Amino acid sequence: MDVAAYAKLLPDITPSNKPFWDGCAAGELRLQQCSDCGRHRFPDAPICPQCLSGSASWAVVSGKGTVWSWCTMHQKYFAAFADEVPYRLVYVRLAEGPLVISTLADESAEPHIDQPVRAVFRPSPGGRVVLQFSTDAANVS
Ligand SMILES: [Zn+2]
C-alpha cells in the first residue's frame, strides 16, 4: 500500500470540515445541523440547502442508516486502492436524512437496497480515521 497515494485521496482538513474529522477520530459521526430549520447536512456547507440559513452547529448523530445504493469496484482507478479491489462502495441514507457515500467495512458482505447499516470508524493506511459502514447485525441494532 502506497501510504502517500492514499493520503492524497483524502480531503484536506479545513476549519469547515474539522469537526467531522475530529468526530471520526473520536468514533462519532458528527454532522452540521441548521440552527433555524434543524436539518442535518453532509458534506459541510456554509449555507443550509433547505432554508438558506447561515447559522449551524455540529451534532453527534446515530450513525444508523440504510443502503440507498451500492456497487462493487473492480477497476484500479486509484493507486491507493489497488490492493483493495474488489471493494464495495455504498451510498447510505442516514437516519437523520443526508446521503453519505463511503465504503463497506465488511469485505465479504453482499449489501442490498434498504439494508440497515451502521457507521464504523477505521484508521486508513495514512493514519487518518475514516468513516465506513458495516452491515454486521451485531453493529446495526
Ligand atoms: Zn435550515
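Further up the page is the structure itself.
What comes next is a walk through the structure. (Residues numbered from 1 in each chain as written. Predicted model: local features only at pLDDT ≥ 70, side-chain atom pairs only at ≥ 80, totals over all residues. Heavy atoms only, no water.)

1. Notes on the coordination of the zinc ion
To be explicit about the condition: For Na, K and Ca the donor cut-off is 3.2 Å; for every other metal, N, O and S atoms count as donors within 2.8 Å. Water does not enter the count, which can leave sites looking incomplete. In short, tetrahedral needs four donors with all angles between 85 and 135 degrees, square planar needs four and octahedral six donors with opposite donors over 155 degrees apart and all other angles between 65 and 115, and whatever is left is irregular. Put simply, DSSP H or I for four residues or longer makes a helix, DSSP E for two residues or longer makes a strand, and each gets a number counted from the N terminus. Under the scheme applied here, a residue whose accessible area is under 20% of the maximum for its type counts as buried, over 50% as exposed, and between as partly exposed, the area being computed with a 1.4 Å probe on protein chains only.
Donor atoms from the polypeptide that bind the zinc ion are Cys34 (SG), Cys37 (SG), Cys48 (SG) and Cys51 (SG), placed at 2.3 to 2.4 Å. Around the zinc ion, the four donor atoms sit at angles spanning 102 to 117 degrees, and that spread fits a shape best called tetrahedral. Read in sequence order, the donor residues coordinating the zinc ion give the pattern C-x2-C-x10-C-x2-C. Of the two residues, Cys34 sits in strand β1 (residues 29-34) while Cys51 sits in the loop between β2 (40-41) and β3 (56-61), which places them 17 residues apart along the sequence. For Cys34, a relative accessible area of 4% translates into the label buried.

2. As for the sheet that holds β2
How we decide: Strands were regarded as paired on the criterion that DSSP finds at least two bridges between them. Two residues form a contact once any of their heavy atoms are found within 4.5 Å. For helices, the axis comes from a line fit to the C-alpha atoms of the stretch in contact; other axes are also lines fit to C-alpha atoms, and the angle between any two N-to-C directions lies between 0 and 180 degrees.
Taken in spatial order, the three strands line up as β2-β1-β3 in an open sheet, and their pairing is antiparallel. Every interior strand has two partners, whereas the edge strands, β2 and β3, have only one. Here six bridges tie β1 to β3, and the two strands are oriented antiparallel to one another. Bridge pairing in β3 places Leu31 opposite Ala59. In the packing of helix α2 (residues 18-26) onto the sheet, the strands contacted are β1 and β3, and the crossing angle to β1 comes to about 150 degrees.

3. Here we look at a nonpolar patch on the surface
Quick reminder of the rule: The residues that make up patches have over 30% relative accessible area and no salt bridge, and they are joined within 9 Å when like-charged or within 5 Å when they are Val, Leu, Ile, Met, Phe, Trp or Tyr. Only the protein chains shown count as cover for residues, and all accessible areas are computed by the Shrake-Rupley method using a 1.4 Å probe. Note on definitions: salt bridges are taken to be side-chain nitrogens of Lys or Arg within 4 Å of carboxyl oxygens of Asp or Glu.
A cluster of nonpolar side chains, namely Leu9, Tyr77 and Phe78, defines an oily patch on the protein surface of about 330 Å² accessible area. By the element assignment, Phe78 lies in the loop between β4 (64-73) and β5 (87-94).

4. Section: the packing of aromatic side chains
Here is the rule: Note on aromatic pairs: the rings of Phe, Tyr and Trp (six-membered ring only in Trp) are paired at centre separations within 6.5 Å, and the planes decide the class, stacked below 30 degrees, edge-to-face beyond 60, tilted for the rest. In this analysis the charged atom, NZ for Lys or CZ for Arg, is taken to sit over a ring once it is within 6 Å of the ring centre and within 35 degrees of the ring normal.
Counted by the stated rule, this structure contains three aromatic pairs. Each ring, one from Phe20 and one from Trp21, has its centre 5.1 Å from the other, and the planes form 80 degrees; the classification is edge-to-face. The exposure class of Phe20 is buried, given its relative accessible area of 9%. Among the residues examined, Trp21 registers a relative accessible area of 11% and is labelled buried. Note on Phe20 and Phe42: the rings are 5.4 Å apart at their centroids and 55 degrees apart in plane angle, and the pair reads as tilted. Placement of the pair is Phe20 in helix α2 and Phe42 in the loop between β2 and β3, with a sequence separation of 22 residues. Since its relative accessible area comes to 29%, Phe42 is described here as partly exposed. A connected cluster of aromatic rings, assembled from ring pairs, spans Phe20, Trp21 and Phe42. Taking NZ or CZ as reference, Arg128 lies 4.5 Å from the ring centre of Trp21, over its face.

Read these as geometric descriptors, not functional statements.
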